[in-house]
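# Commentary on secondary and tertiary structure
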Amino acid sequence: LQGIFVLGLPYALLHSGYSGLLLIVLAAALCCYTGKILIACLYEENEDGQLIRVRDTYEDIANACCKKLSPNLGGIVVNVTQVVELIMTCILYLVVSGNLLSHSFPYVPVTEKTWSVIAFVTLLPCIFIRTLKIVSKLSQLCSLVHFVIILVVITYCLTQTHQWSWAKFRLSLEFDDFLVSVGVIIFSYTSQIFLPTLEGNMKNPGEFRCMLNWTHFFACILKTTFALTAFLTWGEKTKEVITDNLPPFLETLVNLCLLTKALLSYPLPFFAATEIVYSCISKDNHSNYRSSLLALTVRGSFLLLTLLMATFTPHFALLMGLSGSVTGAAMTFLLPSLFHLKLKWKKLSFLEKCADISVFILGFLCSLAGIVCSIKGLLEVFG
């Protein structure tokens, strides 16, 4: 999903001006920080003062925080939040795929929803994905396509340096537009849902913090360069998705690359969502056959659900914004900081406590602002 958000960064700069550049850097730092404190919640010190991994998932962390209130309440809340966000992401990929196919082949007499169904057919093999290893290989290809897209756009922008002007940056801001920019910038970095699984599958988990620092650093550099060069090229004419500004030939090429990226991106959130649901409903006394049948049923049901919602849900983008404002902010800012405070309170310094509280407040404000904007948009549509 980050690739889709990245394409909206130049448009975010259009509405946020110089503050947008600062936000790109700040968002990278905050998301890197919440990723680290979330993983810290997986560990506890033993009698010798060594850190031992005593929890494996986001659900385990939530249950540990809420065990006095209810043993499973925290895990249920986290699982529902994760599944909603992941499924909405999968649906978004189908909607985007239909839109990209429709724009790439405008002369073909096929509706956008029909194109989404065609894209869905190519995703049917996801039913048989059983391990994260296959998903990781698809994600590597997805990253490669992502870099091709960024490279094409930046290369074209560099050929237009003769028309660049810093005067294109806005100094005055409109509050509603600025909030939209904040949402696009912040959620272009979110990955907290996948971090516990990622850290647990690393050959050297001790290198996780270093990996997180470097990936967010390079992501910040790449996103700043991309957003800046694209905005300086088109200025006030910058469109919501920057590929719409490209010449027709390049636009079609990039749209096809985006389609490839969307289809390659689908398996990761799909696999994560189905694994969460499967682990919640499966029993230890199931035979291998029945367990395999249950897993196939869960995956097949989720595939069909994403297709039905992508095809029949009106104004999905606004609903995505509303759910994203709740689930995205919760999983990225609210819950990591809250869990860290709960589990590590006695061992945290005063500055660390202030940092966690500040992140929580910021996440709450971002979530509230996003909810208000999304509801306002829905009221305007249905009004």
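Per an unreviewed UniProt entry, the recorded name for the protein is Vesicular inhibitory amino acid transporter, and the organism is Cnemophilus loriae. For the record of the protein, the UniProt heading Sequence similarities (unreviewed entry) holds the text "Belongs to the amino acid/polyamine transporter 2 family."

Further remarks concern the overall build of the protein. If you tally the helices and strands in the protein, you get 15 helices and two strands. What you see for the protein is a C-alpha radius of gyration of 21 Å, in line with the 21 Å of a compact globule of 383 residues. Taken over the C-alpha atoms alone, the protein extends approximately 65 × 55 × 45 Å along its principal axes. For the protein, with 383 residues in total, the buried portion stands at 48%. Counted over contacts in the protein with a minimum sequence separation of 6, partners at least 24 positions apart contribute 79%. Put simply, the protein has 26 plus and 23 minus side-chain charges, and the middle of one group is 4 Å from the middle of the other.

Enumeration according to the criterion identifies five salt bridges in this entry. The residue E44 makes a salt bridge to K344 at a minimum N-O spacing of 3.8 Å. Of this pair, E44 sits in strand 1 (residues 43-45) while K344 sits in helix 14 (residues 316-344), placing them 300 residues apart in sequence. For K344, a relative accessible area of 10% gives the class buried. With a shortest N-O distance of 2.8 Å, E199 and R53 are connected by a salt bridge. One end of the pair, E199, is in helix 9 (residues 195-200); the other, R53, is in strand 2 (residues 51-53), with 146 residues separating them in the sequence. Take R53: its relative accessible area is 26%, and that puts it in the partly exposed class.

Our focus in this paragraph is the layout of surface pockets. A water-sized probe rolled over the atoms picks out the places where empty space is left. Here the second largest pocket defines a volume of roughly 530 Å³. Lining the second largest pocket are 18 residues, and of these K36, I39, A40, L51 and R209 lie nearest its centre. Secondary-structure elements contributing two or more residues to the lining of the second largest pocket are helix 3 (18-40), strand 1, helix 10 (208-234) and helix 14. At five residues, the largest contribution of residues to the lining of the second largest pocket is made by helix 3.

Moving on, we come to the side chain of T34. With respect to the helices, strands and loops of the structure, T34 is situated in helix 3. Separated by 2.8 Å, the side chains of T34 and Q192 make a polar contact.

As a further point, take a nonpolar patch on the surface. Among the surface-exposed residues, L338, I357, F360, I361, F364, L365, L368 and V372 lie close enough to one another that they form a single nonpolar patch of about 700 Å² accessible area. At seven residues, the largest contribution of residues to the nonpolar patch is made by helix 15 (residues 350-382). Tracing the chain through its elements places F364 in helix 15. Residue class for F364 comes out partly exposed when judged on its relative accessible area of 45%.

Another point: the environment of E352. By secondary structure assignment, the location of E352 is in helix 15. A relative accessible area of 36% places E352 in the partly exposed class. Counting along the chain gives 12 residues from E352 to H340, while the straight-line C-alpha distance between them is 9.8 Å. Not counting the four nearest positions on each side in its chain, E352 is found in contact with Y33 and K347.

Look at helix 2 (residues 9-16) against helix 10: their axes get within 8 Å of each other, and the N-to-C directions meet at 70°. If you check the angle between helix 2 and helix 10, you find them roughly perpendicular. For the element pair helix 2 and helix 10, the recorded crossing hand is right-handed. The segment helix 2 lies against helix 10, with L9, P10, L13 and L14 engaging K223, F226, A227, L228, A230 and F231.

As for its position among the elements, T313 is in the loop between helix 13 (288-312) and helix 14. You can call T313 partly exposed: its relative accessible area is 22%. Taking the C-alpha atoms as reference, T313 lies 21 Å from S265; in sequence the two are 48 residues apart.

Calculation criteria
- Residues numbered from 1 in each chain as written.
- Predicted model: local features only at pLDDT ≥ 70, side-chain atom pairs only at ≥ 80, totals over all residues.
- Heavy atoms only, no water.
- UniProt positions renumbered as here; feature names shortened; annotations may be inferred.
- Helix = DSSP H or I, 4+ residues; strand = E, 2+ residues; numbered from the N terminus.
- Rg over C-alpha atoms; globule rule 2.2 N^0.38 Å.
- Buried < 20%, exposed > 50% of the residue type's maximum accessible area, 1.4 Å probe, protein only.
- Contact = heavy atoms within 4.5 Å.
- Lys, Arg positive; Asp, Glu negative; His and termini not counted.
- Charge placed at Lys NZ, Arg CZ, Asp CG, Glu CD.
- Salt bridge = Lys/Arg side-chain N within 4 Å of Asp/Glu carboxyl O.
- 1 Å grid on protein atoms, 1.4 Å probe; cavity = no way out; pocket = protein on both sides within 12 Å on 5 of 7 lines; lining within 4 Å.
- Points joined across faces, edges and corners; volume = space filled by probe spheres on them.
- Polar contact = N/O pair within 3.5 Å; in protein donor to acceptor, adjacent residues only side chain to side chain.
- Patch = residues over 30% accessible without salt bridge, like charges linked within 9 Å, V, L, I, M, F, W, Y side chains within 5 Å.
- Areas by Shrake-Rupley, 256 points an atom, 1.4 Å probe, with all protein chains shown as cover.
- Axes fitted to C-alpha atoms, helices over the stretch in contact; angles between N-to-C directions.
- Parallel < 35°, antiparallel > 145°, perpendicular 65-115°, else oblique.
- Left-handed = near helix turned anticlockwise from the far one by under 90°.

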